[in-house]
Amino acid sequence: MVSPLTQRQLFEKLVSFPTVSRDGNLDLIDWVEEYLTGFGIHCARVWNPVRSKASLYAHAGPWVPGGVMLSGHTDVVPVDGQDWSSDPWELTERNGRLYGRGACDMKGFDALAIWALVEAKSRDVARPLQLALSYDEELGCLAAPALIAAMARADLPKAAAVIVGEPSMLQVVTGHKGNIGFEIRLKGHEVHSSMQHKGVSAVMEAGRLIQWANDANDLNRSRPPEGDDGLFDPPWTTVHVGEIAGGTAQNITAADCRMGLDYRCVPSDSLAACREALMAEVARVEAGMKAIRPETAITVEDTFSVPALAPEADGAAEALARRLTGDNATHVVSYATEAGQFQEGGFSTVVCGPGDIAQAHQPDEYITLDQFRQGEAFMARLLDHLKE
């Protein structure tokens, strides 16, 4: 049997895998699966359709329901164009901080969870500890639904609580916004720009959709928040366009344009209602285009949809996380996580992990030594809880 690695050694190993979403994660998954099975821990993969990436779930302890599942993702964002002071794929300690891509988001938590799973296997825990590692979280939480479904099909004993270890400074986050994204393509009609009234500029028509997004933000901001909406910052649904490209020359009306648009929805706004509002505006703009040139068009592709995490009344996951951390304050976040997907899958779920989300995706990404050590203590208390 292999000797168990320390939390720090596991952390160093995970950071060494450059698991940028565009490139895959199989080297990391291969290593984690081999490491865990070396201790007799049950593991199973859930592949993407082309078997270039995989999620992994694992179970340690008695084969009974009522345990705890630790959820993390294996993918990280790119380092392209960022100015790093050290190798992003080597965990580097400086001035009380541990630097590396994924150090904060979220290989620190993943390392702690893997350590805890091995410990749970070696101890006489009364309830199991489970691990769920996904891919493509950074691309819109794409893998978690299939992972959750696969665990249900396999009759994996159902956990009483899921802790998603996104960086929250180990505060107990009980709610986050829902998130839905689209790729919008506009097909225009080229003419010389001096005759633009006889053509349709895809870029300028995209501008109408962008202005609609601006107007929607102004309207949402003007409304008083409802219910739990007031807990969020900002306490309204936002619409964002972060990427746009199109056209061939300044003196030609653009034949095509592509743009990305996403919503981050407060609890009082459903993802379905947000999508419906967008599609109504797309239809209005497209009708104006077709009135000039019938062959023009707008197509909309759904790229991701992540349900909100809603605060639970007497939630088992919240009660456990508060017991382990001592945090009794109310915390919600405006970014999306896989927590809403686990909740939608029937699990009591919270977000609680070491590190500060402000460091995520940054050059010289880091987690403080203090936060990592607090994460170690969190896992030790969790193991004690599972023995009760």
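Model, not experiment: these values are computed from the prediction.

Trainee: Which parts of the structure should I look at to understand the layout of surface pockets?
Mentor: Where empty space is left in the structure can be found by rolling a water-sized probe over the atoms. Of the voids in this model, the largest pocket is the one considered here, and its volume is about 830 Å³. Together, 30 residues line the largest pocket, and Glu138, Leu139, Gly140, Arg264 and Phe304 are the ones closest to its centre. Ranked by the residues each element gives to the lining of the largest pocket, the list is headed by strand 11 (residues 256-265), at 6 residues.

Trainee: Honestly, helix 3 (residues 107-122) in this entry has me stumped. Any pointers?
Mentor: At 3.6 residues per turn, the α-helix brings residues three or four places apart onto the same side. The terminal C-alpha atoms of helix 3, which comprises 16 residues, lie 23 Å apart, in line with the 22 Å expected from a rise of 1.5 Å per residue. Of all 16 residues that make up helix 3, 14 are buried, and the element is covered over most of its length.

Trainee: Looking at this model, I keep getting lost on the packing of aromatic side chains. Mind explaining?
Mentor: Two measures describe an aromatic ring pair: the distance that separates the ring centres and the angle between the ring planes. One pass over the structure, following the stated rule, counts 5 aromatic pairs. Relative to Phe39, the ring of Tyr35 has its centre 5.1 Å away and its plane inclined at 70°; by these criteria the two rings are edge-to-face. Note on Phe39: relative accessible area 8%, which makes it buried. Note on Phe342 and Phe347: the rings are 5.9 Å apart at their centroids and 70° apart in plane angle, and the pair reads as edge-to-face. According to the relative accessible area criterion, Phe347 is buried, its value standing at 11%. Geometry around Trp47 places Arg51 over its ring, the cationic atom sitting 4.1 Å from the centre. Across from the ring centre of Tyr366, 4.1 Å away, lies the NZ or CZ of Arg97, which sits over that ring.

Rules used throughout
Here the residue numbers are simple positions, counted from 1 along each chain's written sequence. Given that the model is predicted, a residue must reach a pLDDT of at least 70 before its local features are reported, and side-chain atom pairs must reach 80 or more before they are shown or counted; all residues, however, enter totals for whole chains, interfaces and linings. Where side-chain values are given, they derive from all heavy atoms of the structure, hydrogens and water being excluded. The distinction between a cavity and a pocket rests on a 1 Å grid over the protein atoms alone: a 1.4 Å probe fits inside a cavity but cannot get out, while a pocket stays open yet meets protein on both sides within 12 Å along at least five of seven lines, and a residue with an atom within 4 Å of a point counts as lining. Grid points are joined across faces, edges and corners, and a volume is the space filled by probe spheres set on the points. In this text, helices come from DSSP runs of H or I with a minimum length of four residues, and strands from runs of E with a minimum of two, each type numbered from the N-terminal end. Every helix has an expected span of 1.5 Å times one less than the residues it contains. Partly exposed residues are those whose accessible area sits between 20% and 50% of the maximum for their type, while under 20% is buried and over 50% is exposed, using a 1.4 Å probe and protein chains only. Note on aromatic contacts: the rings of Phe and Tyr and the six-membered ring of Trp form a pair at centre separations within 6.5 Å, being stacked when their planes are under 30 degrees apart, edge-to-face when over 60 apart, and tilted otherwise. Working rule: Lys NZ or Arg CZ, within 6 Å of ring centre, within 35 degrees of ring normal, means a charge sits over the ring.

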